[in-house]
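What follows is each chain in one-letter form.
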Amino acid sequence: MKLYKSYPEPNDRMGMLRTLGAVKDACIIEFGTAGTTHFAVKAMMQQGGLQANLYSTGLDDSEITFGSHKKLEQAIREAESLHEPKHIFIMASSVTAVIGIDLGSICTMLQDKTKAQLIPVTTGGFRGDFDLGVKNARKLLQETGLSV
Amino acid sequence: MKNYDLKTLKKLCHIEKEADIKPLSALQSPGSHCPLFGAVMTATAIEDLAVVVAGTEECTWYSRNLTSMKQGRNENLFSLVVSKNDLTFGCQKKLEESIMKIDELYKPKALLIVTTCVLELIGEDFESIAESMQNRVKAELMVVRTNHFKCSSQTTGMEDTLDALSVLMKAPGSVEVKSVNFLGAMNPYVENSELYRLLTKQGIKINSVVPAGGSVDEIQSLPEAAVNIVTDRTALKLAETLQSDFNMEYIRFDNTIDPEGLKEAYVNLAGILEINLSREVGELYNSAKSKLEAAEKKLKGKTFLWGRSKMPAFKGSAFLCSLGMRPLMIETSELHESDMAYLDTIRQSGADPYVSRVSIPAPFHEALAELKPDFFISHEYFGDSGRMKQLNFDHMGGGTGFEALNEMTDSLVPLSSHNRFSMKDRLMMKMSGKGPEKSSRTPEMMMQKINQNPEMMRMFQENPGLMQQMKENPEKMREMKDKMRGRR
């Protein structure tokens, strides 16, 4: 644990989200509690950098206990209907990363039912700093053919 | 193409608990605020209270950022960031070291630790750690536990934070019989409120205003007042604790949406304080009553949709029902226990609207197009809504008396497109001498409203020449208007 009097150093998940959030018309669904997404949306709007469609599924007690991804499935279907995106980034949150939800397998399972390419982003923010997140996001964007 | 089916929602008659309220959309954006936000916004309003947010970089960074944006102050806010190791092996040692460091270097009178989702997930027992540390530090230690998977909004964070502060309170040497506390005020300008003015005119001392403008010393002295006035429902828990621990009565001014209820609250308050408010309250009551009766004549039978608003959805909807209006759909982020009385009021009016949880704007857009209400209440800008009138109740008074009722009623009538603009917009138009319609407010009334709005006050304080500039330069006025819209 590190104690900060001022702003702590942002983590890799924040760098990832900041970079993906700058991609015009990208679709990002966070599988996690809504408060995290709210904070991120406000911060990015403040910085003028939110171009993507950033959503949260929200998460409650029972979903954490039983590991349900039904809400995620519904969210993906709805995002497809609203935006018809080519790619949907499915982002883990710190909570879903800690409980070990296998986003990669979920995306594989749901891919057959989805036209958009589902791209899992599994970092919960514990791998490194902001720069690492930006680097990983750029690499991901290169692989998917998108750009900021 | 229709994406959302209103029939998937329950109607109000079937709403008994929070879980009955479903969203139309599986997506949320930006999503509801979490209890961490509520806790930090409440705690950082209190002077000389050190606040330590323990969580990931996101929780700590964002909460600091948001308090900076909204309150302009976070000098007592600390971030304690957890790593993978801390989650695996526990945080006790590092937490203890951090608390000792803050206590030694900054010497706060009190220190509040706010936990977050990830720490609650692993079950770290911060309360026990704080208890075991109390005799090693000078600051009074408190813990507020927050997580967003057990609740739906920031309200529990605010309630629990205010209630946690009760450990600071001491049994009074004596009680000052002609004094009150205001509990729940997030607005530091409460001295402009009707209730404050009426009481101080009668020689009543305002002992403490919590949390806005409060301090640790003021919280310690809360039991010295004769009675607590609850101005926001988030303070109800604290008021109940004060009642059980110190036998202090409380009067609620947060839950009254009708003149009779307000009159009764004033009568009860005057009885406890042994003062006579009958003339002033009588005048306010009669004035509010005739205003409401006049409004009811114009509004009876009008339909509305309640969307995203800072005002509690069921409270606002119940008020509109009391004017004979009919809700078709109510969107809310939570169902609080104090909402149950408002649900009864709405049911008794004969209305049975759809009830939905706030998610993304698209379902509300569709509902507007399908249900075609006369009014809709939302703080989001919907552009040209045709014959549907948009209202924004976000900046309505301080909720401490008849003034709140009057302000809401005034905004409903006259019925014109003028009502689509918020109070800020109307102010700007008034100051520039331009505007689509005449405003019923004089510049003096507008100035009073500025004084009651912290955001606007800050704007004018940061720019002393702004008022004059706006009068002379309409282009600057438009820039400020756009800037404020961007802030929303």
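Keep in mind the model is a prediction, meaning the values are calculated, not measured. (Residues numbered from 1 in each chain as written. Chains lettered and ligands numbered in written order. Predicted model: local features only at pLDDT ≥ 70, side-chain atom pairs only at ≥ 80, totals over all residues. Heavy atoms only, no water.)

**Q** Tell me about the interface of chain B and chain A, and please be specific about residues and values.
**A** Listed by partner, the interface residues are 56 residues for chain B and 50 residues for chain A. Carbon and sulfur atoms make up 66% of the surface buried where chain B meets chain A, a total of about 4,500 Å² over both sides. For glutamate 58 of chain B, the salt bridge goes to arginine 13 of chain A, with nearest N and O atoms at 2.8 Å. Applying the counting rule to chain B against chain A returns 20 residue pairs in polar contact (both at pLDDT 80 or more). Listed by contribution, the elements that provide at least two residues to the side of chain B that touches chain A are helix H1 (35–43), helix H2 (57–71), strand S4 (77–81), helix H3 (84–89), helix H4 (92–106) and helix H5 (117–122) of chain B. In terms of residue count, H2 of chain B provides more of the side of chain B that touches chain A than any other element does, 11 residues in total. Grouping the constituent residues of the side of chain B that touches chain A by class yields 31 nonpolar, 16 polar and nine charged. When strand S1 (residues 2–4) of chain A meets S4 of chain B, the two strands line up antiparallel, connected through three bridges. Opposite leucine 3 of chain A, over in S4 of chain B, you have leucine 80 of chain B as the bridge partner. (Contact = heavy atoms within 4.5 Å. Buried area = accessible area lost by both parts, 1.4 Å probe. Salt bridge = Lys/Arg side-chain N within 4 Å of Asp/Glu carboxyl O. Polar contact = N/O pair within 3.5 Å; in protein donor to acceptor, adjacent residues only side chain to side chain. Helix = DSSP H or I, 4+ residues; strand = E, 2+ residues; numbered from the N terminus. Nonpolar A, V, L, I, M, F, W, Y, C, P; charged D, E, K, R; others polar. Pairing = 2+ DSSP bridges.)

**Q** So what's going on with the confidence of the model for chain B? Which residues, and what values?
**A** Residues and elements named next belong to chain B. Averaged over all residues, the pLDDT of chain B equals 85, while 81% of them reach at least 70. Contacts of residues 415–421 to residues separated by more than four positions or lying in other chains number 27 contacts, the stretch itself having pLDDT below 50. A low-confidence stretch, residues 434–440 stays under pLDDT 50, and its non-local contacts, those more than four residues away or across chains, total 14 contacts. Model confidence for the complex: the whole-complex pTM is 0.83, and ipTM, which rates the interface, is 0.93. (pLDDT = per-residue confidence, 0-100.)

**Q** Kindly report on the sheet that holds strand S3 (residues 53–56) of chain A, identifying the contributing residues and their values.
**A** Across a sheet, paired strands are connected by hydrogen bonds in the backbone, their directions being either parallel or antiparallel. Residues and elements named next belong to chain A. A sheet is described by the order of its strands in space; here four strands give the open sequence S3-S2-S4-S5, paired in parallel fashion. In this open sheet, the two edge strands, each paired with only one partner strand, are S3 and strand S5 (117–121). If you compare each strand with its neighbour and ignore which way they point, the axes differ by 20 degrees on average. In the sheet, strand S2 (residues 27–31) pairs with strand S4 (residues 87–92) via five bridges, with the strands oriented parallel. What sits directly across from isoleucine 29, in S4, is isoleucine 90. Against the sheet, helix H6 (residues 103–111) makes contact with S2, S4 and S5, and its axis sits at roughly 175 degrees relative to S5, the strand it touches most. (Axes fitted to C-alpha atoms, helices over the stretch in contact; angles between N-to-C directions.)

**Q** Go over unusual backbone geometry, please, and point to the residues and values.
**A** With an omega dihedral of 0 degrees, the bond running from serine 29 of chain B to proline 30 of chain B counts as a cis peptide bond. For proline 30 of chain B, the location among the structural elements is in the loop between strand S2 (22–23) and H1. Here the residue pair valine 210 of chain B and proline 211 of chain B is connected by a cis peptide bond, since its omega of 0 degrees sits within 30 degrees of zero. Mapped onto the fold, proline 211 of chain B is located in strand S8 (residues 205–211). At glutamate 84 of chain A, a residue that is not glycine, the phi angle is positive and equals roughly 50 degrees.

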